[in-house]
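Architecture and fold: a report
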Amino acid sequence: MVMDKTKSKYSKENYNLKPGDFNTERKPTWCSGCGNYGIWNSLKKTFVKLYLMPHEILIVYGIGCSGNGANFIKTYAFHALHGRALPVATGAKLANHKLNVMIIGGDGDGVGIGGNHFMHTCRRNINMTYLLHNNKVYGLTTGQTAPTSDKGFKTKSTPSGVLEKPVNPVLLALASGATYVARGFSGDTSHLSEVIRKAIKHKGFSFIDVLQPCVTFNKQNTYDFYREKIYKLDEIKSYDKSDLNEAIKRSMEEEKIPIGIFYQVERPLYEDGLKQIERKPLVDHIITDIDINRLLNNYY
Amino acid sequence: MKVSNLTWKIGGEAGFGILSTGKIFSKIFAKKGYSVIDNNEYSSLIRGGHNTYTIRISSNEIFSTNKDINILVALNEETIRLHQEEVTYGGYIVYDENDCNIGDFKKARKDINYVMVPFSKIISELGAPKVMVNNVSLGASVALINYDLEILKNVIKDIFGRKGSEIVNLNIKSSELGYKYIKKKLKINVYELEIVKPVSKMLVTGNDAVFLGAVRAGCKFYAAYPMTPSSILHLFASIEDDYNIVTKHAEDEMAVINMAIGASFVGARAMVATSGGGFSLMNEGISSAAMTETPIVIVLCQRPAPATGLPTWTEQGDMLFAVHSSHGEFLRVVIAPGDPEECFYLTGEAFNLADKYQIPVIIMLDKYLSESHFSYEKFDFKNITVDRGKLLSKSKDIDGEYRRYFNTDDGISPRVVAGIKGGIHIANSDEHDEDGYSEESAHNRKIMVDKRFRKIKKLIEEIPPPKIYGPIDAEITVWSWGSCKGPILEAMNILNQKEKKVNLIHFTYLYPFDSESIEGIIEESNKNVVVENNKTSQLAKIIMMNTGYKIKNKILKYSGRQFLPEEIISGIEKIE
Ligand SMILES: Cc1ncc(C[n+]2csc(CCOP(=O)(O)OP(=O)(O)O)c2C)c(N)n1
Ligand code: SF4
Ligand SMILES: [Mg+2]
């Protein structure tokens, strides 16, 4: 009822942007070969495919190499604190649900310091898209273990190897109630771009775990490593995206790594439960002379 | 006996509805035009523990509760044990012999009257549930003051109406029985309040007032995690549909502040509230609002800390924490209203200052101010007006190429509502250039720090200096802030009956600190003393930090309880 999936007012007829039009005046500062480039390119391509204009999009970024993308993608951007991108995005979306809201952040940001927000944002099912740039390491702080690092992974902060089991972001999203859960690979931009496009089109909270090689600090989870292990869920004819059990099972595979959409269902949006935004976004209300007599009378 | 002032206190175990009983008693006097101030004290337990509710009623203007109790209603023996000492000469203790063994107490204080009312017997004969002893005590108290039973019945009806007529009738009946019991037993009226102009007064707490002020100011997004002052959360949630406000009970206080920042970023006025623990968790978020220049209003209700501390009691221990909150140097406004009326208007102001200067504004309350009821004839809500400063909400308002952090003369850069065409930018928690791009050069850093701080020039002109109460040329000048205002004004009025003994400099704006005007006041005054509900005299510290003046005399309290005027009087009398 509240909303159709947020979409652009623009269409084939009046839209003439190219991916390059989403570049800012700043050139990316990522290491050459970094997986962030693939995600960056896929994203810009997707915006064009969806006829989205830069001002119709708000991306909230966390802090990390991934978050630095705030400087390189031309949309409204909020470069939030480390781990706090999801709540900033949530507040923004609830205050103006007409905006296309996306979140970009690292694995440390999303399932480490911001882990609590991740779980709760999934279960809320607010109509936003979250791209987790998962390089299984802390990039910006120059190579410490991440919560997603494989057991035994040697880093500056774990010279004898990580003792914990890694967090599995896909499994966590499934368990927490996200309604669109996918995985992409920054080394396959046309596949990734499709996964992103469907995520943005999805009515509900969409989560994409993007396997993103960090060429500088993660010599284990490389492009080749992934290319060897990856297979595509959409190539399995019998795969039922609405089957949570199946999605959970696939998400736990380690020898072979599935990419594509694990799970997609429709569930009422958080926004659908908010009568106060049914007619128009909160920000569109005029606030200059609100009559509170009715409230004051309660106190006599 | 005709009186202009009367203090009533009820005490009993938690779970016995002391809170709602007290509120009813306050209401019946406010409704008829009396001045009322109350204070409820309870422990952080759902059952058990000792709760009290103290109400001061007056036919004149009053500013706080006081120490001398005229009527003490004891729903258990512990109430007498803990509070007998507070009962004034000739005062009354109302008790039930079933619950209280009164013998020793009578011996200890022969100057007061002991009125036995068989609360439990009345209730069991009526077949009403035990919690309704409250109502018997209310009826008995009304009779002791020769007050109007009808108004009590009306208020009970208002408050319990939702629970159905059977419950309402039992409540009313039990209060009638208490009333009749006293009327029969005592032939004379014990107390009688002087007549006042019969105008119905509203009864509001600091929390109510902040909420009302925020709704009027157009707050559209309110987030909180349950913690004092949680009634603000409940109030927002109860009206969110009618007033088009989104209220969010978020997963933690980091989420709370960051959600509010997100809402504010896209143009909605946003507020959050918490007490010390939650404020600690919000701290990083406050700096994010500062760096991105996103307006935000934060209510900080002080409780005795550190850690969980005394979660249901009061203190003023967080002033310096608020003034210096979060990392880095940045401009903020810290406001500390002294009473609910100031809470109302200053909350309106807080939103304007946040918007105009694009900074965090912190409103400091304490548990006493948050939860005590004060009576007022009215709040003139038209006096809260909305000024959103340099906010551009339409594309056509944007003049040329938009630069979010444009280095203007006054330091304030036009802010757009995110989503409009032509206003694209990065709100950046990294240091950034005028467009919002991350930028680390020394040259840029200095420019941006100066830009953000330059706002102080206009801001300080706009912020009113502390208010002076009492004679200008008093012998002693009391310096204080926040909710100490009430007890100090009471003390001042008593001390000044004969001579020009005391005046009060009360800070409602704690920061930014206008050193020049404060220095002027200090130089003019004779003897100075600070009154603060904390251990380390934080106001004295901030005055010294900003002016170099050291106020040596201090009246401090840090027991978790609000000051009583009597304590301030005795503190002042000790000053040499
Ligand atoms: C509260 C806080 N703690 C620590 C940091 C330092 N820090 C910046 S980025 C980062 C981790 C980055 O890792 P990740 O989120 O995986 O992002 P990546 O750089 O790998 O994209 C840390 C710990 C910070 N900015 N804030
Ligand atoms: S450190 Fe790793 S994640 Fe960061 S830019 Fe370099 S390759 Fe990319
Ligand atoms: Mg990472």
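Remember, predicted model here, so these are calculated numbers, not experimental data. (Residues numbered from 1 in each chain as written. Chains lettered and ligands numbered in written order. Predicted model: local features only at pLDDT ≥ 70, side-chain atom pairs only at ≥ 80, totals over all residues. Heavy atoms only, no water.)

1. Notes on the overall build of chain B
Per the secondary structure count, chain B includes 20 helices and 25 strands. Since a compact globule built from 576 residues should have a radius of gyration of about 25 Å, the 26 Å found for chain B is in line with a globular shape. Per-residue burial for chain B yields a buried fraction of 64% across its 576 residues. Long-range contacts, defined here as pairs at least 24 residues apart, represent 74% of the contacts in chain B between residues at least 6 apart. Of the roughly 21,600 Å² of accessible surface on chain B, a fraction of 51% belongs to carbon and sulfur atoms. Positive and negative charge centroids in chain B, built from 68 and 73 side chains respectively, lie 5 Å apart. (Helix = DSSP H or I, 4+ residues; strand = E, 2+ residues; numbered from the N terminus. Rg over C-alpha atoms; globule rule 2.2 N^0.38 Å. Buried < 20%, exposed > 50% of the residue type's maximum accessible area, 1.4 Å probe, protein only. Contact = heavy atoms within 4.5 Å. Areas by Shrake-Rupley, 256 points an atom, 1.4 Å probe, with all protein chains shown as cover. Lys, Arg positive; Asp, Glu negative; His and termini not counted. Charge placed at Lys NZ, Arg CZ, Asp CG, Glu CD.)

2. A word on the overall build of chain A
Counting its secondary structure elements, chain A contains 9 helices and 10 strands. Taking 19 Å as the expected radius of gyration for a compact globule of 300 residues, we find that chain A reaches 20 Å, a close match to that expectation. The principal-axis extent of the C-alpha atoms belonging to chain A is close to 70 × 50 × 45 Å. Residues classed as buried in chain A amount to 61% of the 300 residues present. Taking the average place of the 40 positive charges on the side chains of chain A and the average place of its 29 negative ones, the gap between the two points comes to 2 Å.

3. A few points about the packing of aromatic side chains
Two aromatic rings are characterised by how far apart their centres lie and by the angle between their planes. Residues and elements named next belong to chain B. According to the stated counting rule, one finds 30 aromatic pairs over all chains in the structure shown. Summarising the aromatic geometry, the rings of Tyr92 and Tyr191 are spaced 6.0 Å apart at their centres and angled 75° between planes, so their arrangement reads as edge-to-face. Taken together, the positions of Tyr92 in strand E6 (residues 87-95) and Tyr191 in the loop between helix H7 (165-185) and strand E8 (192-193) put the pair 99 residues apart, joining distant regions of the chain. Judged by its relative accessible area of 13%, Tyr92 falls in the buried class. Among the residues examined, Tyr191 registers a relative accessible area of 2% and is labelled buried. Judged by centre distance (5.1 Å) and plane angle (90°), the rings of Phe279 and Phe321 are edge-to-face. Here Phe321 lies in helix H12 (residues 319-323) and Phe279 lies in helix H11 (residues 276-292), a separation of 42 residues in the sequence. Put simply, the rings of Trp8, Phe25, Phe29, Tyr34 and Tyr147 pair up and form one aromatic cluster. Over the aromatic face of Tyr147 sits the side chain of Lys32, whose NZ or CZ is 5.8 Å from the ring centroid. (Phe/Tyr/Trp six-rings, centres within 6.5 Å; stacked < 30°, edge-to-face > 60°. Lys NZ or Arg CZ within 6 Å of the ring centre and 35° of its normal.)

4. Here's the deal with the domain arrangement of chain B
Residues and elements named next belong to chain B. You can read the domains of chain B as domain 1 (2-200), domain 2 (204-383), domain 3 (391-460) and domain 4 (467-573). Of note, the centres of domain 2 and domain 4, computed from C-alpha atoms alone, are 25 Å apart. Counting residues at the interface gives 29 residues for domain 2, matched by 27 residues for domain 4. Between domain 2 and domain 4, a total of about 2,300 Å² is buried, with carbon and sulfur atoms accounting for 62% of that surface. For domain 2, the biggest contributors to the area lost against domain 4 are Gln316, Met319 and Leu320; these three give 29% of the whole. On the surface where domain 2 and domain 4 come into contact, there are 2 salt bridges. Close ionic contact of Asp339 with Lys485 constitutes a salt bridge, the shortest N to O distance being 2.9 Å. Here domain 2 and domain 4 share 13 residue pairs in polar contact (both at pLDDT 80 or more) between them. (Domains from an automatic or database assignment. Buried area = accessible area lost by both parts, 1.4 Å probe. Salt bridge = Lys/Arg side-chain N within 4 Å of Asp/Glu carboxyl O. Polar contact = N/O pair within 3.5 Å; in protein donor to acceptor, adjacent residues only side chain to side chain.)

5. Some words on the site of ligand 2
For ligand 2, the full set of nearby residues is Trp30, Cys31, Cys34, Cys65, Asn135, Gln212, Cys214, Val215, Thr216 and Phe217 of chain A. By residue class, the composition of the shell around ligand 2 is 7 nonpolar, 3 polar and no charged. (Near = heavy atom within 4 Å. Nonpolar A, V, L, I, M, F, W, Y, C, P; charged D, E, K, R; others polar.)

6. Concerning the sheet that holds strand E21 (residues 476-481) of chain B
Residues and elements named next belong to chain B. If you trace the 5 strands from one edge of the open sheet to the other, you get E20-E22-E21-E24-E25, paired in mixed fashion. In this open sheet, the two strands that pair with only one neighbour each are strand E20 (467-469) and strand E25 (553-556). Averaged over all pairs of adjacent strands, the angle between strand axes in this sheet comes to 25°, irrespective of strand direction. In this structure, E20 lies alongside strand E22 (residues 502-507), joined through 3 bridges in antiparallel fashion. Note that in E22 the partner of Ile468 across the bridge is Ile505. (Pairing = 2+ DSSP bridges. Axes fitted to C-alpha atoms, helices over the stretch in contact; angles between N-to-C directions.)

7. Notes on the coordination of the magnesium ion (ligand 3)
All names here are of chain A. The magnesium ion (ligand 3) binds to the protein through Asp107 (OD), Asn135 (OD1) and Val137 (O); the donor distances cover 2.0 to 2.2 Å. Sequence spacing of the donors to the magnesium ion (ligand 3): D-x27-N-x1-V. Per residue, the accessibility class of Asn135 equals that of Val137, and both read buried. (Donors = N, O, S within 2.8 Å, 3.2 Å for Na, K, Ca; no water.)

8. Examining the pattern of salt bridges
Per the stated rule, a full pass over the model turns up 49 salt bridges over all chains. With a closest N to O distance of 3.4 Å, Arg26 of chain A and Glu439 of chain B form a salt bridge. Here Arg26 of chain A, found in the segment before helix H1 (35-49), pairs with Glu439 of chain B, found in the loop between strand E19 (426-428) and helix H15 (442-454), and the two come from separate chains. Asp355 of chain B is the salt-bridge partner of Arg388 of chain B, the closest N and O atoms lying 2.7 Å from each other. Within this pair, whereas Arg388 of chain B is found in the loop between strand E16 (374-376) and strand E17 (391-392), its partner Asp355 of chain B is found in helix H13 (residues 340-357), the two being separated by 33 residues in sequence. With relative accessibility at 18%, the residue Arg388 of chain B sits in the buried group. A relative accessible area of 3% means that Asp355 of chain B is categorised as buried. When salt bridges that share partners are traced, they join Glu246, Lys249, Arg250 and Glu253 of chain A into one network.

9. Some remarks on the nonpolar core
Residues and elements named next belong to chain B. If you look at the biggest cluster of nonpolar residues, it comprises 97 residues, and the most contacted ones within it are Trp479 and Phe507. Among the elements that take part in this core, helix H10 (residues 253-265) stands out by supplying 8 residues, more than any other. With 59 residues, the next largest nonpolar core counts Met202, Ile245, Val299 and Tyr509 among its residues. (Core = buried A, V, L, I, M, F, W, Y, C linked by side-chain atoms within 4.5 Å.)

10. Brief notes about the sheet that holds strand E11 (residues 246-249) of chain B
Residue and element names in this part refer to chain B. Taken together, 7 strands build an open sheet; the order of strands is E11-E10-E12-E13-E15-E14-E23 and the sheet is mixed. Every interior strand has two partners, whereas the edge strands, E11 and strand E23 (509-511), have only one. Looking at each pair of strands side by side, their axes are set apart by 20° on average, direction ignored. Relative to E23, strand E14 (residues 333-335) runs antiparallel, the two being bridged by 2 bridges. Residue pairing for E23: Ile335 is matched across the bridge by Tyr509. Against the sheet, helix H9 (residues 230-239) touches strand E10 (219-224), E11 and strand E12 (269-275), its axis set at about 135° to E10. On the sheet, H11 packs against E12, strand E13 (296-302) and strand E15 (360-366) and is oriented at approximately 150° with respect to E12.

11. Some thoughts on the interface of chain A and chain B
The partner chain B presents 74 residues to the 55 residues of chain A that form the contact. The junction of chain A with chain B conceals about 5,400 Å² of combined surface from both sides, 60% of it contributed by carbon and sulfur atoms. When residues of chain A are sorted by the area they lose upon contact with chain B, Tyr76, Tyr299 and Tyr300 of chain A head the list and together hold 17% of the total. Of the charged contacts, one joins Asp289 of chain A and Arg216 of chain B as a salt bridge, the two residues approaching to 2.7 Å between their closest N and O atoms. The tally of links from chain A across to chain B stands at 27 residue pairs in polar contact (both at pLDDT 80 or more). If you list the elements that add at least two residues to the side of chain A that touches chain B, you get strand E2 (76-79), helix H2 (85-95), helix H4 (115-124) and helix H9 (293-297) of chain A. For the side of chain A that touches chain B, the element with the most residues is H2 of chain A, which contributes 7 residues.

12. Remarks on the site of ligand 1
If you check the shell around ligand 1, you find 17 residues, and the closest are Cys65, Ser66, Asp107, Gly108 and Asp109 of chain A. Positioned at a junction of chains, ligand 1 has nearby residues supplied by chains A and B. One of the backbone nitrogen or oxygen atoms of Asp109 of chain A is found 2.8 Å away from an oxygen atom of ligand 1. Residue Asn135 of chain A places a side-chain N or O atom 2.9 Å away from an oxygen atom belonging to ligand 1. Protein chains bury 76% of the 580 Å² of accessible surface belonging to ligand 1 in isolation. Among the elements that make up the shell around ligand 1, the one with the highest residue count is helix H3 (residues 107-113) of chain A (4 residues). The class makeup of the residues in the shell around ligand 1 is 6 nonpolar, 8 polar and 3 charged.

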